[in-house]
Every structure is written in structure tokens, then in C-alpha cells.
Amino acid sequence: MNEFPKNILDSWKSAQGSIEPNPATPELLIEKATTKKKKSLKLQWGNLILLSVSLIAITACWQLFFPFQELLSKVGVALMLGSLLARVTGEAYSVISFGERRVTGNALQKLQQDEKYLALRTKINGVLTYSTLALYSLGFSLLAPEFSLYIPMLYMWLIYASYLLMVWVWVFIIRKNVKEETHDLNQVVELRRALCKES
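About the criteria used
- Residues numbered from 1 in each chain as written.
- Predicted model: local features only at pLDDT ≥ 70, side-chain atom pairs only at ≥ 80, totals over all residues.
- Heavy atoms only, no water.
- Helix = DSSP H or I, 4+ residues; strand = E, 2+ residues; numbered from the N terminus.
- Buried < 20%, exposed > 50% of the residue type's maximum accessible area, 1.4 Å probe, protein only.
- Contact = heavy atoms within 4.5 Å.
- Areas by Shrake-Rupley, 256 points an atom, 1.4 Å probe, with all protein chains shown as cover.
- Salt bridge = Lys/Arg side-chain N within 4 Å of Asp/Glu carboxyl O.
- Core = buried A, V, L, I, M, F, W, Y, C linked by side-chain atoms within 4.5 Å.
- Phe/Tyr/Trp six-rings, centres within 6.5 Å; stacked < 30°, edge-to-face > 60°.

> How do you make sense of the overall build of the protein when you look at a structure like this?
Assigned secondary structure in the protein consists of six helices and zero strands. Along the protein, helices (α) and strands (β) appear in the sequence α-α-α-α-α-α when read from the amino end. When the 199 residues of the protein are sorted by exposure, 31% land in the buried category. Here the analysis covers contacts within the protein between residues at least 6 apart in sequence; of these, 81% occur between residues at least 24 apart. Surface accessibility of the protein: about 13,400 Å² in total, with carbon and sulfur atoms responsible for 69%.

> I would appreciate a short explanation of the pattern of salt bridges in the present structure.
Side-chain pairing between opposite charges can occur once the charged atoms of the two side chains come close. Per the stated rule, a full pass over the model turns up seven salt bridges. Note that Lys39 and Glu180 form a salt bridge whose closest N and O atoms lie 3.2 Å from each other. Taken as a pair, Lys39 in helix 2 (residues 26–64) and Glu180 in helix 6 (residues 153–198) lie far apart in primary sequence, 141 residues in all. Judged by relative accessible area, which is 41%, Lys39 ranks as partly exposed. A salt bridge links Glu190 to Arg193; the shortest N-O distance between them is 2.7 Å.

> Honestly, the environment of Val171 in this entry has me stumped. Any pointers?
Tracing the backbone shows Val171 in helix 6. The sequence separation of Val171 and Thr129 amounts to 42 residues, and the corresponding C-alpha distance is 9.7 Å.

> Whenever I open this one, the nonpolar core confuses me. Can you help?
Nonpolar side chains in soluble globular proteins tend to end up buried together. The biggest cluster of nonpolar side chains holds 33 residues, and the ones touching the most others in it are Trp62, Phe140, Leu143, Phe147 and Tyr160. Of all the secondary-structure elements, those providing two or more residues to this core are helix 2, helix 3 (71–100), helix 4 (107–142), helix 5 (144–150) and helix 6. Of all the elements, helix 4 adds the most residues to this core, at eight residues. For Phe147, the residues in contact, after removing those within four places along its chain, are Trp62, Phe66, Phe68, Phe140, Met156 and Tyr160.

> Would you mind showing me how to read the packing of aromatic side chains here?
Both the distance between ring centres and the angle between the ring planes are used here to describe each pair of aromatic rings. Scanning the model with the defined rule gives 12 aromatic pairs in all. Between Phe140 and Tyr163, the aromatic rings sit 4.6 Å apart at their centres with planes inclined by 35°, giving tilted as the arrangement. Of the two residues, Phe140 sits in helix 4 while Tyr163 sits in helix 6, which places them 23 residues apart along the sequence. Classification of Tyr163 by relative accessible area gives buried; the value is 7%. Ring plane angle 85° and centroid distance 6.2 Å describe the contact between Tyr163 and Trp170, whose orientation is recorded as edge-to-face. Three or more aromatic residues link up through ring pairs in this structure, and these residues are Trp62, Phe66, Phe68, Tyr136, Phe140, Phe147, Tyr160, Tyr163 and Trp170.

> Would you take a moment to explain the environment of Pro145 for this structure?
By the secondary structure assignment, Pro145 is in helix 5. Pro145 sits in the partly exposed class, given a relative accessible area of 43%. In this structure, the C-alpha to C-alpha distance between Pro145 and Glu70, residues 75 residues apart in sequence, is 8.9 Å.

Spelled out as C-alpha cells, the structure:
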């Protein structure tokens, strides 16, 4: 009685073991890589627009509403605007580099392009981003002496405490976005390596 179901079960298990997943086709790998690169480019455009708007708004704010007189404050403003400008320039260079990559070429050339681009994004997301944040924060702290001439001490504490909280939030968001983008670009490189092995 039990022999028939047992035979079916054995047949099913042996058939299941013989099924092999279809290897990813080159077209599928290319499609995955393209999707991930487009996602990375969208993130970069978002960064570029946000940083550019911030630079314009802060420049207008300091010029129109807070024309600082003290030398220390002017140095602070220069550090803030200069660091933001450097970050905007880095992001713009990254977007331009993305567009200049050759669409044609063999799998090895495309792998080398993607590895080079990953290295560029790693530098921008790492050294440049955190240097910008550090210099911007230093510049903002240099405004404190002149701020204190016009703003009560309680409000000064609130302004700088709020800024520290904002920096903490920025670092959290930056780290999250950088991890996601680096993961995506690493996957693109791995997909390119897989294509190189197949070709």
C-alpha cells in the first residue's frame, strides 16, 4: 500500500535534484547593470541639485541678511561656501564622467570603466564628502563670535545645538546613501566580471 506513494516521493526528489537553475544570460546581466547604474545616476543628480540650491541659498542669506563685518566671520563664510562649492564641483564632475563613458567597447573595457568609476565615487562619497562637512562645520563655528554680538546666549546655544543635531542626521543619511550606492556599483562591477568570464 505504502509502496506507490513512496515511489512517487522518490521520483520527485530525484527529479528535483536534477533541475539546475538557468545561468543568467549576458543580456540579463547587462540589463541588471544598466538598471543599477541609472539608479546611481539619479542619486547623483539629486545630490547635485540639492547641493547647488543650498550653495545659492546660503550665499544669498549671508549676503542679504547677514553681511558679516569681522575678519573671522568672513573666513568662516569662505570656508562654508568654499567647501560646498568643492562638493558641488565633485558631484558635477562625477555626473559628467558618467556621461562620458563609452557605450561601445568590449566587456573588459567596460569592466575597467566601471571599476574606475567606482573608485571615483568612493573618493567623492568618502574623503570629499566628510572634508566638506568638517570644513563647513568649522566655518559655521567661526561665525559664533560675531553672532554673539547680536543674538542672546540662549539662542546661540539653541542654534549650535540644532546644528550638531543636523550634522548627526546628515551623517546618518550620507552613510545610508553611500552604502546603498557603493553596493549597487559593486554589483555592477561584479556583473561586468561575470560578463568578462562568459565572453
